[in-house]
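# Descriptive structure summary
Here are the chains, one letter per residue:
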Amino acid sequence: MPSRRTKTRTINVSNLARVEGEGALHIRLRGGEISELKLEIFEPPRFFEAFLRGRDSREAPDLNARICGICPVAYQMSTVHAFERLYGITIDPAVRALRRLYYCGEWIESHALHIHMLSAPDFMGCDSVITLAEKDRAAVERGLRIKQLGNAIVAKLGGRSVHPVGACIGGFTRVPRREELAELREALMRERDDALECVRWVARFDLPAVERDIEFVSLRHPDEYPMNEGRIVSSRGIDAAQDEFDAWFEESQVPYSNALHSKIKARGAYFVGPLARINLNFDRLGTEVQSAARQTQIAWPSSNPYTSIVARALEVLYAIEEALRIIDTYEPPSAPAAKFELRAGTGCAITEAPRGALYHAYETDERGVIRSARIVPPTSQNQARIEADLRELIPQLIERSHVEATRACEMAIRNYDPCISCSTHFLRLEIER
Amino acid sequence: MKPRIAVFKFASCDGCQLQFLNAEDELLTLASLVEFAYFTEARSRALDGPYDIAFVEGSITTPDDARRIIEVRERTRYLVTIGACATAGGIQALRNWSEVEQYKRVVYPSPEFISTLSTSTPISEHVKVDFELWGCPIDKHQLIDVVRSLLSRAKPALPGHSVCMECKRRGNVCVVVARGEPCLGPVTRTGCGALCPAYDRGCYGCFGPADDANMEAFTRLMASQGITGMDAVRRLRSINGYVRPWRETADAIAKNQNQND
């Protein structure tokens, strides 16, 4: 145990727990000042952008799903929208609605997982959902029910919740009949109550009260809460088309991480995900969700990253309401997928993955074979912002034990629900002090 | 004392270990029967081995991981691989037919910072594996089945026949016969519930080769549908492309193609 008298202290969290994927945190303190802070992502690279070259673009939705077992729908959605732009495909409004439903399923499943299994144990002083169930079994069972509903929605459209099989460029391989979707109704009605209870539950957690200077980034749609479409907007005035992404954002590499860092040119770190979406699209949530949000006593927009868990619970409620709306107004499309001609070109798309904006860009040859692919996952975009939060947090941890310091750092990181498998990389805390 | 279960991750998408957490109806019962001694994605406290059962997700793609899997084996009584990455090398095994240095340059501006092996290989190429659970992702019912067998000290057994059998039982219309669509079903292991044909598309091989996959007949079937040369190769070299019968067939077709060119 390094003594407080030594001039340097190192804190190493060598295996960040309760995040998806593998990373570590390395911090060196000298005389109470941070001399080094590295969020290391050591999840081995899998080189999707490289092996996609030479593959048929029509294989891309299935292949890209494999980037992430928690948010395969997001990878499929950014993929298909990018290629639809590339091939000039117009999507049937009914297919568009089904894709929104498909995304609702994934938001519900992924947020319920994060709230109950990865994050809530921190606030309840537990090491896992299993010990949490010993303390508050009803809350855990409620969470499992919500999660199960999300999985059921995805499976309804794609056969299974992990790497579902139905999404393709142009639409779906098969679309459900009205009565098949109606089967989800009862569970949606029940889970709407559960979701509301879940919002109240997380809003009662003892969330650290901090204010951070954050630029939030998300999509914004003229009249909907954003999922598959919209312009890129930020809390500091960015308002850009999706294909202007490269004009505003840039990726760079740091030696200690297998994930690329993404920054706003000239300004630096930014924040994507549920809190960014709520902050920038509060007016699109609908009256029910807005009223639930106001009852939490949190002032929205919120610049406290710890309120992310509440943002996530509110989005679960939103997604359930939205899924109900879609199911109740659904008329099957004339064809499950639009026909299209393969051609040479370029196309990009951003959709709102559970963890935030997910950018894909592709180039094809005249046979529709992929010549280049670029994928910018939400966790890469949040990485610089996570490090910035830790820089503000760590000076308060200097006097704390290693166990407590680690826990505090991990909680700060979990606000972002980092998906390291996506960005390639979880947390090992190393603090040198 | 409850049996001690560990879940380890190598190069993968987390989707197979997620199936534990996706077993919403069984999870709390399971947790009362076993101790999750090591399961980083679900529990922040990690207990040291030995472990009674280790579930291993992911393939070996770095020098560190090649060492780590040997340590895992030493601390484990019964080692089960879960999913296409751990069992077959996964989609990332596409590098095995390419130059990894070139791959690094495609993805990273400074490839020298990246430490990786030139191949992605299944766990069985590194240590003894006691049972392999196929699928991309694995099926959660098969996973629960395996856990249940092991808890009652029985050797797990899962069917190894082709998707076609399951597809007939489900009453799907055959996508090959009725629509002339390409489908890997005849040479793919059952386990998914014949999902793709039920969604009006051909199977793309998530569960790897069936035990008795007749690759010669399948190559002829593909040829009769006009799928030859590199098109046939690409279909076999996918999620489970590095596993033997598919690899050898695809390599032979590719070699032929090169000689003809």
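Residues numbered from 1 in each chain as written. Chains lettered and ligands numbered in written order. Predicted model: local features only at pLDDT ≥ 70, side-chain atom pairs only at ≥ 80, totals over all residues. Heavy atoms only, no water.

### Topic: unusual backbone geometry
Here the residue pair Gly49(B) and Pro50(B) is connected by a cis peptide bond, since its omega of 0° sits within 30 degrees of zero. Tracing the sequence through the fold places Pro50(B) in the loop between strand 2 (35–39) and strand 3 (51–57). Residue Pro137(B) is reached from Cys136(B) by a cis peptide bond, and omega for that bond is 5°. Even without glycine at this site, His163(A) takes up a positive phi of about 50°. Relative to the helices and strands, His163(A) is located in the loop between helix 6 (137–158) and strand 4 (167–168). The phi torsion at Ala194(B) lies on the positive side, around 50°, for a residue other than glycine. Residue classification places Ala194(B) among the buried positions, given a relative accessible area of 1%. (Helix = DSSP H or I, 4+ residues; strand = E, 2+ residues; numbered from the N terminus. Buried < 20%, exposed > 50% of the residue type's maximum accessible area, 1.4 Å probe, protein only.)

### Focus: the pattern of salt bridges
All names here are of chain A. Going through the model one piece at a time under the given rule, you end up with 60 salt bridges over all chains. Close ionic contact of Arg185 with Asp328 constitutes a salt bridge, the shortest N to O distance being 2.8 Å. One end of the pair, Arg185, is in helix 8 (residues 185–203); the other, Asp328, is in helix 12 (residues 308–329), and 143 residues separate them in sequence. By relative accessible area, which is 33% here, Arg185 ends up partly exposed. Through salt bridges with shared partners, a single network forms among Arg96, Arg100, Glu224, Glu229, Glu322 and Arg325. (Salt bridge = Lys/Arg side-chain N within 4 Å of Asp/Glu carboxyl O.)

### Topic: the domain arrangement of chain A
Residue and element names in this part refer to chain A. Once the domains are mapped, chain A shows domain 1 (10–45 + 395–432) and domain 2 (48–381). Its C-alpha centre places domain 1 at a distance of 25 Å from the equivalent point of domain 2. With 25 residues of domain 1 at the interface, the matching set in domain 2 holds 30 residues. Buried surface at the junction of domain 1 and domain 2, both sides included, amounts to about 2300 Å², of which 54% is carbon and sulfur. The interface formed by domain 1 and domain 2 contains two salt bridges. Broken down by element, the side of domain 1 that touches domain 2 gets its largest block of residues, five residues, from strand 3 (residues 33–41). Broken down by class, the residue content of the side of domain 1 that touches domain 2 amounts to twelve nonpolar, five polar and eight charged. (Domains from an automatic or database assignment. Contact = heavy atoms within 4.5 Å. Buried area = accessible area lost by both parts, 1.4 Å probe. Nonpolar A, V, L, I, M, F, W, Y, C, P; charged D, E, K, R; others polar.)

### Some words on the interface of chain B and chain A
Taken residue by residue, the interface counts 61 residues in chain B and 64 residues in chain A. For the pair chain B and chain A, the summed buried surface comes to about 5300 Å²; carbon and sulfur atoms form 61% of the total. If you look at where chain B meets chain A, you find five salt bridges. For the pair chain B and chain A, the number of links is 23 residue pairs in polar contact (both at pLDDT 80 or more). Listed by contribution, the elements that provide at least two residues to the side of chain B that touches chain A are helix 1 (15–21), helix 2 (27–33), strand 2, helix 3 (63–74), helix 5 (100–107) and helix 9 (195–198) of chain B. Broken down by element, the side of chain B that touches chain A gets its largest block of residues, five residues, from helix 5 of chain B. Of the residues in the side of chain B that touches chain A, the class split is 34 nonpolar, twelve polar and 15 charged. (Polar contact = N/O pair within 3.5 Å; in protein donor to acceptor, adjacent residues only side chain to side chain.)

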